[in-house]
Amino acid sequence: MSADYNIFVTEETIEGESDGPLADRTVAVKDNISTEGVRTTCGSEMLDDYVPPYDATVVEELKQAGATIVGKANMDEFGMGSTTETSAFGPTENPAAPGRVPGGSSGGSAAAVAAGEADLALGSDTGGSVRNPAAFCGVVGIKPTYGLVSRYGLVAYANSLEQIGPLAPTVAEAAELLDVISGPDENDATTRQEGAESDYASAATGDLDGTTIGVPTELVEGADEGVRERFEDALDDLRAQGATVEDVSLPSIEHAVEAYYVIAMSEASSNLARFDGVRFGTSGGFEGNWNEAFSRSREAFGEEVKRRILLGTYALSAGYHDKYYKQAQDARAWVKQDFDEAFESVDVLASPTMPVPPFEQGESLDDPLQMYLADANTVPVNLADLPAISVPAGEVDGGPVGIQFVGPAFGEDEIIRVGSAVEN
Ligand code: GLN
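For every chain, the first residue of the written sequence is number 1, and numbering continues from 1 onward in sequence order. The model is predicted, so local features are restricted to residues of pLDDT at least 70 and side-chain atom pairs to those at 80 or more, both for listing and for counting; the totals for chains, interfaces and linings are taken over all residues. Here the side-chain values reflect all heavy atoms present in the structure, with hydrogen atoms and water set aside.

Caption draft 1: Inspection of the overall build of the chain at higher detail. A count of helices and strands for the chain gives 13 helices and 11 strands. Each principal axis of the C-alpha atoms in the chain carries an extent, and together these give about 70 × 55 × 45 Å. Classification of the 424 residues of the chain by burial places 60% in the buried group. Here a residue-residue contact requires only that any non-hydrogen atoms of the pair lie within 4.5 Å. Within the chain, counting contacts between residues at least 6 apart in sequence, those at least 24 apart form 75% of the total. For the chain, the accessible area works out to roughly 15,700 Å², and carbon and sulfur atoms hold 46% of it. The averaged location of the 73 negative side-chain charges in the chain is 7 Å from the averaged location of its 25 positive side-chain charges. The numbering of helices and of strands both runs from the N terminus, where a helix is a DSSP run of H or I of at least 4 residues and a strand a run of E of at least 2. With a 1.4 Å probe rolled over the protein chains alone, any residue whose accessible area is under 20% of its type maximum counts as buried; one over 50% counts as exposed, and the rest are partly exposed. All accessibility values rest on the Shrake-Rupley procedure with a 1.4 Å probe; residue burial counts only the protein chains present in the view. When charges are tallied, Lys and Arg are placed among the positive residues and Asp and Glu among the negative ones, while His and the ends of the chain are skipped. By convention, the charge on Lys lies at NZ, on Arg at CZ, on Asp at CG and on Glu at CD.

Structural data, given as C-alpha cells:
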C-alpha cells in the first residue's frame, strides 16, 4: 500500500516495550532521526548505506512508551525543501490530494498518517517542516518550543532553529505523542526542565472561554483567496465558540524569510561539513589528494543541498559575515521582540499555516525562490523559538488547508487547547 505514495525510505519494524502509553500504536519516524541498527539516510545518496550505532533520545522514548516503529519516512534531502521532492529516493505523493506534493520536508511522515500507514509520526521542523506537510496532508502537526524536545540523534540541518515534533490525525493524539518525547535530556544541553511532567493531552479540551486570538495581518494578506476563505471560516467558528479575535501587527515579519534562509544556510554549511567521506558519508575514494577525494565525496549531495552549502559558506566568509549573517541575527532578535509584544495582549496568534494549497508535483522545482517564499508563515516561529500547531481547516480545490496557532514560549497547553476547538 505504502508503495503507492513512496512514503518510506526503509520499511522495517522496531518493536517497543510491551506496555506503556503508546502500546499498540504504530509510529513512522522521519529518516533524519537516528535508529540503532536501522538505516538512516536523511533522504540523501550521501547516507545511502549509513546505519547509526545508537538511537536518538526520542526513539528510545518511543520504545519505552511501547510504540512500534513501522519505518523511516521519506523527506527532502537533509530537511531542505517544502515538497519532499528533493529526496534522493524519489518524491512522496500526497494521499489527501492526488497528483500533489505532501509538503515537506517531513512529507513522508505526514503522508504516513494521512494514508493510515502509521497511527502517529515524528517529523522535524527547522522552518516549517512539520506544520507544512501537516497542512498539505490534512493532519495535525506540532512544532515545540525550542528546548522542549531533545535533538540528540537528530541529524542537524540548522540546529539553532529545529525541533522534532509530532504528527497525528487529531490534536489530542499529537499532544499525547508530545507528552512522550518532551522533557530534559542530559545528552542535549539545550533542553530544559519544562515538559518533564507534561500532560499536554489533557489540554485538548476545546474550551475557548476568555481566549483572545490575535491575527497578524501580515500573515494573511499574501495568502491565496481560497486559503483565506477557509481561514476566515475557521475564525468565525472559533468566535461562535466564545473566542475574541483581533488584528495585530508584526512589522518585522517581512524580513523573516530572508533572515531564516541566511541563518539556516549558514548553519547548514557548517553542520554538513562532516560529510566528507572520512567521518561520514560516501567515500570519495583514494585517488589523488585529499581535496580531490573530499570533492568527489560531496558530489553525492543533491542540487538543493549544494546550493545551500555554497550560499551559507559565502554568507559566513570574511568580509560578508557582517553584511549577511549578523544582519540576519539582528532581524531574528527583532522578530522575537515583535512576538513578545503581541503576547502581551493576546493568548495565541492565528494564521493560515501555508499561504497556498499543496503544489502540483514538479511545480516548484525549477524556482527555489518561489519555494522559499511559501515558508513565510512558518519560519518566523522558528526564528523566535516559539511553539506552533497546524490543524486541518477544510479543503479548497487543490487540497487540504491548515490553520496555524502560535503560542508564547512553553505555551504548548494554550495552542493545544485552542487547536482542539477547531475540531469541535
Ligand atoms: N522549507 C524550509 C527549508 O527548506 C523548512 C525546512 C525544515 O523545516 N526542515 O529550509
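Once you've had a look at it, read on.
Caption draft 2: Molecular detail of the site of the ligand. By convention in these notes, a residue is near a molecule or strand provided one of its non-hydrogen atoms lies within 4 Å of it. In the vicinity of the ligand, 15 residues are found, and the nearest of them are Thr126, Gly127, Ser129, Tyr157 and Tyr260. Polar contact is the term for a pair of N or O atoms within 3.5 Å; when the atoms are in protein, one must be able to donate a hydrogen and the other to accept it, and sequence-neighboring residues count only if both atoms are side-chain atoms. Ser82 places a polar side-chain atom, nitrogen or oxygen, 2.8 Å from a nitrogen atom of the ligand. Within the complex, 99% of the 290 Å² of free accessible area of the ligand lies under protein. Only Asp, Glu, Lys and Arg are considered charged in this grouping, and only Ala, Val, Leu, Ile, Met, Phe, Trp, Tyr, Cys and Pro are considered nonpolar; every other residue, Gly among them, is considered polar. Within the shell around the ligand, the residues separate by chemical class into 4 nonpolar, 8 polar and 3 charged.

Caption draft 3: Representation of the environment of Asp236. One can find Asp236 in helix H6 (residues 225-240). Each C-alpha atom of the pair Asp236 and Ser106 lies 30 Å from the other, and the pair is 130 residues apart in sequence. Reaching out from Asp236, the side chain makes a polar contact with the side chain of Arg239 at a distance of 2.7 Å.

Caption draft 4: Expanded view of the side chain of Asp185. Relative to the helices and strands, Asp185 resides in the loop between helix H4 (171-181) and strand S7 (212-216). Salt-bridge detection follows one rule: a side-chain nitrogen of Lys or Arg within 4 Å of a carboxyl oxygen of Asp or Glu. Of the buried charged residues, Asp185 lacks a salt bridge, with Arg151 as the closest side chain of opposite charge at 9.6 Å. Reaching out from Asp185, the side chain makes a polar contact with the backbone nitrogen of Asn187 at a distance of 3.0 Å.

Caption draft 5: Expanded view of the sheet that holds strand S10 (residues 388-396). Note on pairing: two strands pair once DSSP finds at least 2 bridges between them. Within the open sheet, the 11 strands sit side by side as S1-S3-S2-S4-S6-S5-S10-S11-S9-S7-S8. Their pairing is mixed. Of all strands in the sheet, those with a lone pairing partner are strand S1 (8-10) and strand S8 (244-248), marking the two edges. In this sheet, neighbouring strand axes are inclined to one another by 35 degrees on average, regardless of whether the strands run parallel or antiparallel. In the sheet, strand S2 (residues 26-30) pairs with strand S3 (residues 68-73) via 5 bridges, with the strands oriented parallel. Counterpart to Lys30 in the pairing with S3 is Ala73. Orientation is described by lines fitted to C-alpha atoms, with helices fitted over the stretch in contact, and by angles between N-to-C directions that extend from 0 to 180 degrees. Against the sheet, H4 contacts strand S4 (120-125), strand S5 (140-143), strand S6 (163-168) and S10, and its axis sits at roughly 145 degrees relative to S6.

Caption draft 6: Structural detail: the packing of aromatic side chains. Each aromatic pair joins two rings of Phe, Tyr and Trp (for Trp, the six-membered one) with centres within 6.5 Å, and gets the label stacked for planes under 30 degrees apart, edge-to-face for over 60, and tilted for any other angle. Tallied over the full model, the rule gives 14 aromatic pairs. With 5.9 Å between their ring centres and 90 degrees between their planes, Phe136 and Phe359 make a pair best called edge-to-face. Of this pair, Phe136 sits in helix H3 (residues 131-137) while Phe359 sits in the loop between strand S9 (348-352) and helix H11 (368-373), and the two are 223 residues apart along the sequence. The class of Phe359 is buried, set by a relative accessible area of 11%. The interplanar angle of 25 degrees and the centroid separation of 6.1 Å between the aromatic rings of Tyr320 and Tyr324 together place this pair among those described as stacked.

Caption draft 7: Geometry of the pairing of strand S11 (residues 399-406). Burial analysis of S11 places 8 of its 8 residues in the buried class, the great majority of the element. As defined by bridge partners, S9 adjoins S11 across 4 bridges and the pair is classed as antiparallel. Looking at the pairing, Ser351 lines up with Gln404 of S11. Bridge count between S10 and S11: 7 bridges; the pairing is antiparallel. By the bridge assignment for S11, Glu395 is matched with Pro400. The loop that links S10 with its antiparallel partner S11 comprises 2 residues.

Function cannot be read off these values alone, since they describe shape.
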